[in-house]
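For reference, the chains in residue letters:
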Amino acid sequence: MKGSDVRVGNVSKFFDEFRALNDVSLEIKRGEFFSLLGPSGCGKTTLLRIIAGFETPDTGALTFDETDVLSLPPNRRQANTVFQNYALFPHLTVFENVAFPLRIRKAGNAEIETKVRDYLKLVQLEGHAHKKPNQLSGGQKQRVAIARALINEPRVLLLDEPLSALDAKLRQHMLIELDQIHDKIGITFIYVTHDQEEALSVSDRIAVMNQGDVLQVGTPHEIYESPATDFVAKFIGETNLFDGEILSVTPIQKVEGEYMVELAIPELGAIKVTTVDEVKSGQRVSFTIRPEKVLISTEKPTTTREDINLFQGFVDEPIYSGFQTKFYVKVRDKILIRVIKQHAKYSDEGPDIVWKDSVYISWSAHDGYIVGVKES
Ligand SMILES: Nc1ncnc2c1ncn2[C@@H]1O[C@H](COP(=O)(O)OP(=O)(O)OP(=O)(O)O)[C@@H](O)[C@H]1O
Ligand SMILES: [Mg+2]
């Protein structure tokens, strides 16, 4: 992966008075699997359509490989789109659907024959060339659409929620296939989804959007572990999020640039959390701890580690889902903390934790995260 392939520079887009995109800037690298992730209406499709050339931004720049493409029509941009609803030609066979872009540019029959066979093989549809779209399953239709979008060898493949019409199992399966196709052909993929699990599992990097803004761009790990805003923390995965005020900041002896922060959370009391950000006493911040990083036990933990936050509470609601149980634990009679316990080793788990049990919950200061400074 090298160089910037697609660069979106300070793009804004209005529909009458409504601002659908607000000064969006992105640099997408060549060969990257890049996702645009955000809730319905946040501007993902609008941004994708601007990149494809179906929509013009009111302000801003768009370059492919450092060349301005805003003045080019869609068919001259080398960016092909796969839509949510397949958009296949119903009267044409699978073969002719995939061949269509080649026929448009008047390719010879021999080339068409070879290429269509190759791309049908890539999407695992070799045996289906003669069928019509209405004889295919949803997943197969989407594979035809992908083969058709790839056959002209675009530099960028744009995918707008391509799997959303499929059921959950098939969606996962197709996602893995899509990832494999991406690895094989090595071009840039820009993938639009509102499904955070989808985005986390396949993307090299993700842009999280809300209400026309890009809130954070990062690897799945960065987005999940170091959310830039409250919205990102809540939208990606499940979390516990509280407001608090910084009481003290102490450098950690052994780790340069890392601080142990004491934080007052009104409903909870004082907690410890580490940070590498410059923060100071008196600042108001958000604090997040992921439910899977909180330990739950009926016995009081005997650890003497200084970085552990420990609270006693009562199980308000346990939600069993086979491989894990989620607990809402009420602490200080006020605040609910979500805890997820994975059922990995049955024999080690001790007695079941049930509704109304008195429990201890604990987490390390290193696993909590200060999301953002609200005010000083
Ligand atoms: N042609 C249009 N005219 C007026 N408003 C539009 C137009 N296209 C999009 N919008 C508005 O812009 C906002 C962003 O729309 P967009 O389709 O980009 O959202 P999205 O993130 O793709 O949502 P979804 O996940 O539901 O597909 C929405 O509020 C939408 O109503
Ligand atoms: Mg959309």
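Scroll up for the structure.
Residues numbered from 1 in each chain as written. Chains lettered and ligands numbered in written order. Predicted model: local features only at pLDDT ≥ 70, side-chain atom pairs only at ≥ 80, totals over all residues. Heavy atoms only, no water.

Q: Just checking my understanding: could you explain the packing of aromatic side chains for this structure?
A: To describe a pair of aromatic rings, one takes the distance between the centres and the angle between the planes. Tallied over the full model, the rule gives 7 aromatic pairs. The interplanar angle of 50° and the centroid separation of 4.6 Å between the aromatic rings of Phe89 and Phe100 together place this pair among those described as tilted. Here Phe89 is found in the loop between β6 (79-82) and α2 (94-104), whereas its partner Phe100 is found in helix α2, with 11 residues between them in sequence. Ring geometry for Phe231 and Phe235: centres 5.4 Å apart, planes at 10°, overall stacked. Pair noted here: Phe231 and Phe235 are both in helix α8 (residues 230-235), with a separation of 4 residues, about one helical turn. Ring pairing ties together the aromatic residues Phe33, Phe189 and Tyr191, which thus form one cluster. (Phe/Tyr/Trp six-rings, centres within 6.5 Å; stacked < 30°, edge-to-face > 60°. Helix = DSSP H or I, 4+ residues; strand = E, 2+ residues; numbered from the N terminus.)

Q: Help me understand the nonpolar core, please; the structure alone is not making it clear to me.
A: Where a protein is soluble and globular, its nonpolar side chains tend to be buried together. Val116, Ile146, Leu150, Leu157 and Phe189 are the most contacted members of the largest nonpolar core, which totals 38 residues. Per element, the largest residue contribution to this core is 6 residues, and it comes from helix α4 (residues 138-150). Beyond its immediate stretch of four places on either side in the chain, Phe189 contacts Glu32, Phe33, Phe34, Leu157, Leu159, Leu178, Ile181 and His182. Counting residues in each nonpolar core, the second largest holds 27 residues, with Ile246, Val279, Phe327 and Val331 among its members. (Core = buried A, V, L, I, M, F, W, Y, C linked by side-chain atoms within 4.5 Å. Buried < 20%, exposed > 50% of the residue type's maximum accessible area, 1.4 Å probe, protein only. Contact = heavy atoms within 4.5 Å.)

Q: Would you mind going over the sheet that holds strand β15 (residues 295-297) with me for this structure?
A: In any sheet, the strands associate via hydrogen bonds between backbone groups, in a parallel or an antiparallel arrangement. Strands sit in the order β15-β19-β16-β17-β18 across an open sheet of 5 strands; the sheet is antiparallel. In this open sheet, the two edge strands, each paired with only one partner strand, are β15 and β18 (335-342). Taking each pair of neighbouring strands and ignoring which way they run, the sheet shows an average axis angle of 40°. In terms of strand pairing, strand β16 (residues 308-320) meets strand β19 (residues 358-364) through 7 bridges, oriented antiparallel. Looking across to β19, one finds that Phe314 is bridged to Ser358. (Pairing = 2+ DSSP bridges. Axes fitted to C-alpha atoms, helices over the stretch in contact; angles between N-to-C directions.)

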